Amino acid sequence: MGFFLETLLSGLMTGMLYSLVALGFVLIFKASGVFNFAQGAMVLFAALAMARFAEWIPAWTGIESKVLANLLAFFVAGAVMFVVAWLIELLVLRHLVNQEAATLLMATLGITYFLEGVGQTLFGSSIYTIDIGMPKDPVIAFQDVFEGGILISREDLIAAAIAATLVALLTLFFQKTGTGRALRAVADDHQAAQSIGIPLNRIWVIVWCVAGVVALVAGMIWGSKLGVQFSLTTVALRALPVVILGGLTSVPGAIIGGLIIGVGEKLSEIYIGPLVGGGIEIWFAYVLALGFLLVRPQGLFGEKIIDRV
C-alpha cells in the first residue's frame, strides 16, 4: 500500500506540471480560437530568459543574494514575455483574424521556430541551470503508518505547490476581476462580446501575456528540474494528451486531465510496464488520448468546436 501511494503521489505531482503547460494551450484557444503550437517554444524562451538574467543581474549590479537575483530575474523575464506576447499578437495574429484554422496553426509553427532562433541568438545555446533553491533530496514520510514509509521528492512537491498556486490565482483572476469576466465573455462568444464594447484585440493581448506568464512559471520549474536546453520544447508535446483528454476549451479539464495522465503514466509503468517490456510511460498518454478521441472528441469537459462557430 505504501509503494502504491508513493507512485500515486509522484504521478499527481508530475501531472500538475503537465497541467501548467496545458493551461497555456487552453487559455489562448478559449479566447482566440488559435491552437498555439508555439507554447513549447514560449516555455523554452522564458526559461532561457530566466536562467540568463539570473546570471547577468548579479554581474551587472553586484547583488550577492541568490534569492533577490532570482526574484529580479523572474520579473525581468516576465516583462520580456509580456513584450513577446504583445509582439506576437500585434505583428502576426492580428492580421490573421477569421483565417482558416490551418493558417493559424502554420503561423504558430512559424512563431515556434522564430522564438527558438531568437532565443539562441539572445541567450546562447548552451545548457543552463535555474537554481531557485528547490531541494533535490527526497524525504521519507509516514514511517509510522507504512512499513518503510513513503519516499517523496521535495522538489516535485514544491513544484506542484507552485503550479497549484498559479492555477488558483488564475481562477480568482477569471472569476473575480472585470478583465477576467471580459475574457470569459470573449471565450463564450466573440461577436456578442464585441457587440457590448469589449475590445477583442486588447483581450487577446492580455490572454497571450497571461499565457506568457504561465510559460515562464512552467519554464522555471522544468528548467530547475531538467536544465534549460532546447529539448525543453518537447514538454509541450507531453501536454498535448492532457489538452485532448481534458478538452481544449476547459481550464478545469487541463488540470484534471494532467492529473489523470500523470497518475496513469506512473502506475502503468510500475504495474503494466514489466508485462510488456517497459517503456509504457513514454507512450501511455498518447494512446489514452487517441482512444479518448474516438469516444469523446471534445474531451472530458470541453465543448464541441462546431458549437463555437
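Residue positions within a chain follow its written sequence, with the count starting from 1. In keeping with the predicted nature of the model, local features appear solely for residues at pLDDT of at least 70, side-chain atom pairs appear and are counted solely at 80 or more, and the whole-chain, interface and lining totals rest on all residues. No hydrogens and no water enter the side-chain calculation; it runs on all heavy atoms of the structure.

Student: Give me the environment of A192: which residues, what numbers.
Tutor: Looking at the element boundaries, A192 is found in helix α7 (residues 190-195). Expressed as a C-alpha distance, the spacing of A192 and G273, which sit 81 residues apart in the sequence, is 50 Å. Secondary structure is summarised from DSSP: a helix means a run of H or I of at least four residues, a strand means a run of E of at least two, and numbering begins at the N terminus for each.

Student: Please give an account of helix α6 (residues 178-188) that cites residues and values.
Tutor: Residue burial is assigned from relative accessible area. The probe radius is 1.4 Å, only protein chains are included, and a residue is buried under 20% of its type maximum, exposed over 50%, and partly exposed in between. Every buried residue belonging to α6 is among G180, A182, L183, V186 and A187, and all of these are buried. Viewed along the axis of α6, the buried residues span an arc of 160°, placing them on a single side of the element. For this quantity, the arc is that covered by the directions from the helix axis to the C-beta atoms.

Student: Now, about the nonpolar core: what can you tell me, with residues and values included?
Tutor: Of all hydrophobic cores here, the largest spans 91 residues; its most connected members are L20, V21, L115, L170, V214 and W222. No other element matches the 18 residues that helix α8 (residues 200-226) contributes to this core. Contacts between residues were defined by any pair of non-hydrogen atoms, one from each residue, lying within 4.5 Å. For W222, the contacting residues outside a window of four places in its chain are L17, Y18, V21, G227, L232 and V235. Residues belong to one nonpolar core when they are buried, are Ala, Val, Leu, Ile, Met, Phe, Trp, Tyr or Cys, and are joined through side-chain atoms within 4.5 Å.

Student: Break down the pattern of salt bridges for me, citing the residues and quoting the values.
Tutor: When their charged atoms lie close together, side chains carrying opposite charge are able to pair. Salt bridge, as applied in this entry: a Lys or Arg side-chain nitrogen positioned within 4 Å of an Asp or Glu carboxyl oxygen. With the rule as written, the count across this model stands at five salt bridges. In this structure, the salt-bridge partner of E55 is R52, at a minimum N-O distance of 2.6 Å. Separated by three residues within a single helix, E55 and R52 lie in helix α2 (residues 39-61), roughly one turn from each other. A relative accessible area of 36% places E55 in the partly exposed class. Close ionic contact of E281 with K266 constitutes a salt bridge, the shortest N to O distance being 3.2 Å. Of this pair, E281 sits in helix α12 (residues 280-295) while K266 sits in helix α10 (residues 251-271), and the two are 15 residues apart along the sequence. With relative accessibility at 23%, the residue E281 sits in the partly exposed group.

Student: Give me the lowdown on the environment of N70, citing residues and values where you can.
Tutor: Within the secondary structure, N70 is located in helix α3 (residues 66-91). In the structure, N70 is positioned 81 residues away from L151 in sequence and 29 Å away in space, judged by C-alpha atoms. Apart from residues lying up to four places away in sequence, N70 is in contact with M50, A54, D131 and I132.

Student: I'd like a description of helix α5 (residues 154-176), backed by residues and values.
Tutor: An expected span of 1.5 Å times one less than the residue number is assigned to each helix. The end-to-end C-alpha separation of α5 is 32 Å, in line with the 33 Å expected for 23 residues at 1.5 Å each. Looking only at α5, the buried set comprises E155, D156, A159, A160, A163, L166, V167, L170 and F174. Buried residues in α5 make contact with α1 (2-32), α6, α8 and α10.

Student: Got a sec to walk through the side chain of E89? Specific residues and values, please.
Tutor: Mapped onto the elements, E89 comes out in helix α3. Apart from residues lying up to four places away in sequence, E89 is in contact with R94, N201, W204 and V205.

Student: Lay out the packing of helix α9 (residues 235-246) against α10 with the relevant residues and their values.
Tutor: Two numbers describe how α9 lies on α10: the axes approach to 8 Å, and their chain directions differ by 120°. By the angle between their axes, α9 is oblique relative to α10. Handedness of the α9/α10 crossing: right-handed. Contacts between α9 and α10 involve R238, P241, V242, L245 and G246 on the former and, on the latter, G253, A254, G257, G258, I260, I261 and E265. Just so you know the grouping, Ala, Val, Leu, Ile, Met, Phe, Trp, Tyr, Cys and Pro go in nonpolar, Asp, Glu, Lys and Arg go in charged, and all remaining residues, Gly too, go in polar. Taken together, the residues that form the contact of α9 with α10 break down as six nonpolar, four polar and two charged. For helices, the fitted axis covers only the stretch in contact; all axes are lines through C-alpha atoms, and the angles between them, taken along N-to-C directions, range from 0 to 180 degrees. Here the word oblique covers every angle except those under 35 degrees (roughly parallel), over 145 (roughly antiparallel) and from 65 to 115 (roughly perpendicular). What makes a crossing left-handed is the near helix being turned counterclockwise from the far one by less than a right angle; a clockwise turn instead makes it right-handed.

Function-wise, these values are silent; they only describe arrangement.
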